[in-house]
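Residue strings, one per chain:
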Amino acid sequence: MPSPARCTTGSSTCNPARPPRRISAASSASRSSSRGARPPRPAALRSFPMSYVTPQDFTRKMIDAGEAKVFMATRDTLIRAFMAGAILALAAAFAVTVTVQTGQPLVGAILFPVGFCLLYLMGFDLLTGVFTLAPLALLDRRPGVTMGGVLRNWTLVFFGNFAGALMVAVMMAIIFTFGFTEAPNAVGQKIGTIGEGRTLGYAAHGAAGMLTLFIRGVLCNWMVSTGVVAAMMSTSVPGKVIAMWMPIMVFFYMGFEHSIVNMFLFPSGLMLGGHFTIMDYMLWNELPTVLGNLVGGLSFVGLTLYATHARTAPQRRPAVAARGLHAPMAAE
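The rules behind the values
Residues numbered from 1 in each chain as written. Predicted model: local features only at pLDDT ≥ 70, side-chain atom pairs only at ≥ 80, totals over all residues. Heavy atoms only, no water. Axes fitted to C-alpha atoms, helices over the stretch in contact; angles between N-to-C directions. Helix = DSSP H or I, 4+ residues; strand = E, 2+ residues; numbered from the N terminus. Parallel < 35°, antiparallel > 145°, perpendicular 65-115°, else oblique. Contact = heavy atoms within 4.5 Å. Nonpolar A, V, L, I, M, F, W, Y, C, P; charged D, E, K, R; others polar. Salt bridge = Lys/Arg side-chain N within 4 Å of Asp/Glu carboxyl O. Buried < 20%, exposed > 50% of the residue type's maximum accessible area, 1.4 Å probe, protein only. Polar contact = N/O pair within 3.5 Å; in protein donor to acceptor, adjacent residues only side chain to side chain. 1 Å grid on protein atoms, 1.4 Å probe; cavity = no way out; pocket = protein on both sides within 12 Å on 5 of 7 lines; lining within 4 Å. Points joined across faces, edges and corners; volume = space filled by probe spheres on them.

Chemist: Just give me the short version of the packing of helix 7 (residues 127–139) against helix 11 (residues 206–230), but keep the residues and values in it.
Modeler: Packing of helix 7 against helix 11 leaves a shortest axis separation of 9 Å and a crossing angle of 75 degrees. Comparing the axis directions of helix 7 and helix 11 gives the class roughly perpendicular. Seen from helix 7, the contacting residues are T128, G129, F131, T132 and L133; seen from helix 11, they are N221, V224, S225 and V228. Of the residues in the contact of helix 7 with helix 11, the class split is four nonpolar, five polar and no charged.

Given below as structure tokens:
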């Protein structure tokens, strides 16, 4: 019986009975990497770009959201508005505290959007948001949507936001003064001066002050409503948060007037010794700010997106194609 073949020095043949060499997956990946091949991306990263929602699609979501808010039950509308006002008020208190303790207003502006992002991820509603969304359902002629329904939604959200912000204002005033037993701390004093400057400061300039207040309200809800819409631009939580964060940071740092933030700052300012009255607050801040917020959100966000993405005009025909159609007629 012949003996099995053996490997010899300098020979290219080996024992065929020897098992094939196994190469691990890690070794294969490292060799591929050394040759310049890119390792595969994780599944989460491969799917992340697909979380973007196109303008046509998120504009349709805006209209659907507006319709849902018009038909929402009174109880649910008030609960969601109350919680939205309370959370945004806490975020405002947080931002003022950070600003006072660090001496850097930019730090407070960078951190303030945490409250806005949280309340919208939980499905709560701000007056500034429904100013933009609810009228779109009316413009789109959704069945059953009326101007009365839109006004009802705005009214309920206004009072719900006010109640939530006022509750937090009372709680923070208690914290800043140890239950009203001593003078406000540094943060409480700052809130009091904010209330004075943004009521009596406007009043000192008369009509020019009122115009400035109104424009600040317009610009505010241009940014805030952009943040509301930004939450619909992505299907992932990171995408929503990043998109919402940017315009909210801009509005807060620029000192624009937000009607719900002011529902916290001014009542708490009155409780903390601010030298202005409730009438000063309503006439020289809250009411003009609400009007400015309505104009800014609806004009620069809601109507513009609806006009160009939900009611897109027909595309123009190329000039070359148009001349080509008339060429045979000219030849004849």
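Chemist: Help me get a handle on the pattern of salt bridges, residues and values and all.
Modeler: Evaluation of the coordinates by the stated rule reveals eight salt bridges. Notably, a salt bridge pairs K69 with D125, separated by 2.6 Å at the nearest N-O pair. Residue K69 is found in helix 3 (residues 55–71), and its partner D125 is found in the loop between helix 6 (113–121) and helix 7; the two are separated by 56 residues along the sequence. Taking relative accessible area as the criterion, D125 reaches 4% and is therefore assigned buried. Close ionic contact of R311 with D140 constitutes a salt bridge, the shortest N to O distance being 3.1 Å. Residue R311 is located in the loop between helix 14 (278–310) and helix 15 (319–331), and its partner D140 is located in the loop between helix 7 and helix 8 (147–177); the two are separated by 171 residues in the primary sequence. Three or more residues are tied together by salt bridges with common partners; here these are R60, D64, E67, D140, R142 and R311.

Chemist: Provide a residue-level description of the side chain of T132, including the pertinent values.
Modeler: Along the chain, T132 turns up in helix 7. The class for T132 is buried, based on a relative accessible area of 2%. Polar contacts involving the side chain of T132 include one to the side chain of S225, which spans 2.6 Å. Those residues in contact with T132 that lie beyond four places of it in its chain are N221, S225, G297, L298, V301 and G302.

Chemist: Just give me the short version of the layout of surface pockets, but keep the residues and values in it.
Modeler: Within this model, the largest pocket holds a volume of roughly 390 Å³. Counting only elements with at least two residues in the lining of the largest pocket, the list comes to helix 4 (74–102), helix 5 (105–111), helix 9 (186–197), helix 12 (237–254) and helix 13 (259–271). For the lining of the largest pocket, the per-class residue count stands at eleven nonpolar, two polar and two charged. Quantified by volume, the second largest pocket comes out at close to 280 Å³. What lines the second largest pocket is a set of 17 residues, among which K69, Y120, G123, D125 and M232 lie closest to the centre. Broken down by element, the lining of the second largest pocket gets its largest block of residues, four residues, from helix 3. The residue makeup of the lining of the second largest pocket, split by class, is eleven nonpolar, one polar and five charged.

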